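One letter stands for each residue in the lines below.
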Amino acid sequence: MTISAGQKPFFIFLITALFCAGLLSVAPVYAETAESEDPVYLSRLETEADWLSIAARPKTSMAARTETIKFIFTRDSWKLYLTNTKKWDIHYRFVRANIDPEYPHKLFNSREYESPDRRYIMGSISHYLDGDFWAMEIAPSDNMSAAFIEKAYHSLVKRTYFGKKMRFHPQSPTHLQRVEELGGAIPVWTMDDFQSAIQYQPLTLATGYGYLRFLRGRIDPASIRPDQILVTEFVPDDLPVCAGLITSQLQAPLAHISLLMEGRRTANMALRGAIDNQALRALEGKLVKLTVDGQDYSITPATRDEANSWWAQNRPPVTVTPQLISADIGLPDLCDTGFSDIGAIGGKAVYLGELCQLRDKGITIPGGFVIPVYHYISHMQATGIDTLINGLIKSEGLRYARPTEVQLYNIQSAIKTMPVSQKLLRDIQTRMRAFGAKKVILRSSANAEDIQGFTGAGLYRSKVISADADEKQIAAALRAVWGSLWNIRAYRERVWYRIDNDATAMAVIVQPFVSDVIANGVAVTANPFHHRRPGHFINAQTMAGNITGATGTATPESLIVYTFTDELETVLFSRSSLNGGKPILSDKNLETLTGHLEDIHKFFIPTRKGSDDPRAMDVEFLLHKDGHFTFLQARPYTVDFRSKEEEE
């Protein structure tokens, strides 16, 4: 159709009227300085191509398979900037570069996330590919009003092609309060919605080479080799050294197996239904390369040369000889010990003993005493078991046939059957009864446990007995813990990491069983997702489930508490599936726990080198009914920040 010069004013008027009435849409608006294929921002998202042109898939995302676009509304005109998030990963950088170059960063943070007099209404639109969830989100620390949340949500729905699918996704207790205030005015994604939709869960981001092996049901640790990548039906409690792990069930992020894989830097992930995944099954028995990434994973055939090179690089090059002090120092109280005693009482006992120095800050441990390695060594020598151990060590090597397992079985059988010194048993019995508790726990504390570079997490046994147990029962429990030094998992791991088995020995911690407990938990005194946002990563579970174990499919309460702010700020990942959706750790609990974790971190790591310092502490705790905490363990932990990998 041709428009004459006289008709042009009428058509201009008509088009303008239609646009103002909202009856005519336009193509996405780009910043004037941008090329269409590389926009600075868009004002609408009309198609999937628009979304993909500016959406990012950050490795620092706390959920895998997530695409994100940052949005900014100017409060005065409600102009919308859907920012190119591949270029500007935080709102402030976009605002400084494109809207307000003079806005100080500190003022921006305090005003735009905390003040009702903010200039901008900001957040993110995220597409969670597992479950095809579209979500509007605001920063976990943002206390944005319910009115602003509602207005931003409705504005985004109108300007996005997926708007009718989108819901608000609360990520903090403050957000949950806003949801209550909204009273159903906008649709909301619950944490259970997201948890049930997760298909892929990255845990340790790493690469591994090995033969792909599928394991259903119970796992025989003697059959596991360092050159295998395992696909398991269930989440194992422990594993000898392997090249990678894919579980068919989701894992608790800070369970023993997760911490064990992280400490070894072994590629570790969960993929729902992996045991029956046909793409994985096609590679069964083949040599493959597994890469676990923050957003997705890949598994491809590999060559023997590639695998040999990787195996050589991932085994420590030199032998480590643990400190060993075989001196009769009695049965010292834990709080009378310190780092100088590690060769006599082991790493776990030493760190607990050091925690006693924080008693004036309200940090408590269960108390107790230690049976030093002297008594273990004396038992081995007096009963002749040391000759069996020497025979094993002389034949030591990476052999995976039954003879090694048989030797280990013979050592453990001998330890469990040979008589224990009657004097030692009487002394232990006397000390136990002085606790005034109903139960007592005997815990491992090897001199090759909880040491820098080798935690030995989950390798050894603990044993619970009655506080009025007789000498026979005490002997059985003591020998069970001693014997766990030579279980197949522990032995294989020490061999792989070149820990000198000739210098290893087992001390035992004896403690009263802690009562009046309502929850158990694990914390890492760092934010593993981002080194520039320091915090504590905390997992907690009711006493109906064990946070450090892997049995069952229960989801823990999982969150990060930031430490770079003056007020308590948390990012909430999940609520416990065993607590009816209610929080396990209240705000008051979290405030107390965070203070304790800060004190523990600063005590053991007083010379922090900066925000990218990977040193942290792995801490186990119990929560009592009255709100106080008891700490069961603190050991060194090295963080592999996902943000560092993204920056590289």
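What you see is a predicted model; the values in this text were computed from it and never measured.

(A) Fine view of the overall build of the protein chain. Looking only at helices and strands, one finds 19 helices and 23 strands in the protein chain. Taking 26 Å as the expected radius of gyration for a compact globule of 648 residues, we find that the protein chain reaches 29 Å, a close match to that expectation. Here the C-alpha coordinates of the protein chain stretch approximately 115 × 55 × 40 Å along the principal axes. Burial statistics for the protein chain: of 648 residues in total, 54% are counted as buried. A separation threshold of at least 6 residues defines the contact pool for the protein chain, and within that pool the share at least 24 residues apart is 64%. Counting only carbon and sulfur atoms, one obtains 51% of the accessible surface of the protein chain, whose full area is about 28300 Å². With 70 positive and 73 negative side-chain charges, the protein chain shows a separation of 3 Å between the mean positions of the two kinds.

(B) Just helix α12 (residues 373-383), in detail. Within the span of α12, buried status applies to Val373, His375, Tyr376, Ile377, His379, Met380 and Thr383. Phi turns positive one or two residues past the end of α12, at Gly384, with a value near 80°.

(C) Up close: the pairing of strand β2 (residues 66-74). β2 sits mainly inside the fold: nine of its nine residues count as buried. Along β2, one buried face is formed by Thr66, Thr68, Lys70, Ile72 and Thr74 and the opposite face, lined by Glu67, Ile69, Phe71 and Phe73, is buried too. Where β2 meets strand β4 (residues 120-128), nine bridges bridge the pair, whose relative direction is antiparallel. Within the sheet, the bridge partner assigned to Phe73 lies in β4 and is Ile121. With three bridges joining them, β2 and strand β3 (residues 80-83) adopt antiparallel strand pairing. Considered in β3, the bridge of Ile72 is made with Tyr81. The antiparallel pairing of β2 with β3 creates a hairpin that spans five residues between the two strands, and Trp78 there sits at a positive phi of about 55°.

(D) Up close: the packing of aromatic side chains. Evaluated as defined, the whole model comprises 31 aromatic pairs. Judged by centre distance (5.2 Å) and plane angle (75°), the rings of Tyr103 and Phe108 are edge-to-face. The class for Tyr103 is buried, based on a relative accessible area of 1%. Of the residues examined, Phe108 reaches a relative accessible area of 0% and is grouped as buried. Here the aromatic rings of Tyr351 and Phe604 are separated by 5.3 Å at their centres, their planes lie at 50°, and the arrangement is tilted. With Tyr351 in helix α11 (residues 342-355) and Phe604 in helix α18 (residues 587-604), this residue pair connects regions lying 253 residues apart in the sequence. When its relative accessible area of 15% is taken as the criterion, Phe604 is described as buried.

(E) A look at the nonpolar core. Core analysis: the largest hydrophobic core is formed by 90 residues, its most contacted members being Leu355, Tyr376, Trp486, Ile538 and Ile600. In this structure, Leu80, Trp134, Ala146 and Phe168 belong to the second largest nonpolar core, which totals 28 residues.

(F) Geometry of the layout of surface pockets. Put simply, the second largest pocket is a space of about 1100 Å³. Along the wall of the second largest pocket there are 44 residues; nearest its centre are His256, Ser462, Asn546, Thr548 and Glu620. Those elements giving two or more residues to the lining of the second largest pocket turn out to be β15 (439-446), β16 (462-466), β17 (506-512), β18 (517-524), β22 (615-624) and β23 (629-638). Of the residues in the lining of the second largest pocket, the class split is 20 nonpolar, 15 polar and nine charged.

(G) Molecular detail of the sheet that holds strand β21 (residues 569-574). Ordered in space as β21-β20-β19-β18-β22-β23, the six strands form an open sheet in which the pairing is antiparallel. Unpaired on one side and paired on the other, β21 and β23 mark the two borders of the sheet. Each neighbouring strand pair of the sheet contributes to a mean axis angle of 20°, computed without reference to strand direction. Sheet topology note: the strand β20 (residues 557-562)/β21 ladder contains five bridges and is antiparallel. Bridge pairing in β21 links Val561 to Thr570.

(H) The arrangement of the pattern of salt bridges in detail. By the definition in use, this model includes 25 salt bridges. Note that Arg111 and Asp117 form a salt bridge whose closest N and O atoms lie 3.6 Å from each other. Here Glu598 and Lys602 are joined by a salt bridge, their closest N and O atoms 3.8 Å apart. Linking Glu598 with Lys602, this pair stays in helix α18, spanning four residues, or about one helical turn. In the salt-bridge network here, residues are joined through shared partners; they are Arg65, Asp130 and Asp296.

(I) Structural context of unusual backbone geometry. Residue Asp132 is not a glycine yet carries a positive backbone phi of 55°. A positive phi is found at Arg265, a non-glycine position, where the angle reads about 60°. Here Arg265 shows up in the loop between α8 (256-264) and β11 (267-271).

(J) Seen up close, the sheet that holds β3. As summarised here, the arrangement of the six strands in space is β1-β3-β2-β4-β5-β6, forming an open sheet in which the pairing is mixed. Each having just a single partner strand, β1 (41-42) and β6 (167-168) make up the two edges of the open sheet. Against the sheet, helix α3 (residues 91-98) contacts β1, β2, β3 and β4, and its axis sits at roughly 50° relative to β2.

(K) Representation of the state of the cysteines in the model. All chains considered together, the criterion is met by one disulfide. Note that Cys335 is cross-linked by a disulfide to Cys356, the S-S spacing being 1.9 Å. Linking Cys335 and Cys356, the disulfide has an S-S dihedral of approximately -60° and is accordingly described as left-handed. Taken together, the positions of Cys335 in the loop between α10 (304-313) and α11 and Cys356 in the loop between α11 and β14 (369-371) put the pair 21 residues apart, joining distant regions of the chain.

(L) Main features of the environment of Phe564. The topology assignment puts Phe564 in the loop between β20 and β21. It is 6.9 Å that separates the C-alpha atoms of Phe564 and Arg533, two residues lying 31 residues apart in sequence. Excluding its chain neighbours within four sequence positions, the residues that come into contact with Phe564 are Arg533 and Pro534.

(M) Fine view of the pairing of strand β9 (residues 228-232). Within β9, five of the five residues are buried, leaving the element largely enclosed by the surrounding structure. Residues Gln228, Leu230 and Thr232 of β9 are buried on one face, and the alternating residues Ile229 and Val231, pointing to the opposite face, are buried as well. As judged from the five bridges shared by strand β8 (residues 207-215) and β9, these two strands associate in the parallel manner. Residue pairing in the sheet places Leu212 in a bridge with Ile229 of β9. As judged from the four bridges shared by β9 and strand β10 (residues 244-247), these two strands associate in the parallel manner. Considered in β10, the bridge of Val231 is made with Ile246.

(N) Seen up close, the confidence of the model for the protein chain. For the protein chain, the mean per-residue pLDDT works out to 89, and 91% of the residues sit at or above 70. This stretch, residues 1-36, has a pLDDT under 50; its non-local contacts, to residues over four places away or in other chains, come to 29 contacts.

Rules of the game
Residues numbered from 1 in each chain as written. Predicted model: local features only at pLDDT ≥ 70, side-chain atom pairs only at ≥ 80, totals over all residues. Heavy atoms only, no water. Helix = DSSP H or I, 4+ residues; strand = E, 2+ residues; numbered from the N terminus. Rg over C-alpha atoms; globule rule 2.2 N^0.38 Å. Buried < 20%, exposed > 50% of the residue type's maximum accessible area, 1.4 Å probe, protein only. Contact = heavy atoms within 4.5 Å. Areas by Shrake-Rupley, 256 points an atom, 1.4 Å probe, with all protein chains shown as cover. Lys, Arg positive; Asp, Glu negative; His and termini not counted. Charge placed at Lys NZ, Arg CZ, Asp CG, Glu CD. Pairing = 2+ DSSP bridges. Phe/Tyr/Trp six-rings, centres within 6.5 Å; stacked < 30°, edge-to-face > 60°. Core = buried A, V, L, I, M, F, W, Y, C linked by side-chain atoms within 4.5 Å. 1 Å grid on protein atoms, 1.4 Å probe; cavity = no way out; pocket = protein on both sides within 12 Å on 5 of 7 lines; lining within 4 Å. Points joined across faces, edges and corners; volume = space filled by probe spheres on them. Nonpolar A, V, L, I, M, F, W, Y, C, P; charged D, E, K, R; others polar. Axes fitted to C-alpha atoms, helices over the stretch in contact; angles between N-to-C directions. Salt bridge = Lys/Arg side-chain N within 4 Å of Asp/Glu carboxyl O. Disulfide = S-S within 2.5 Å. pLDDT = per-residue confidence, 0-100.

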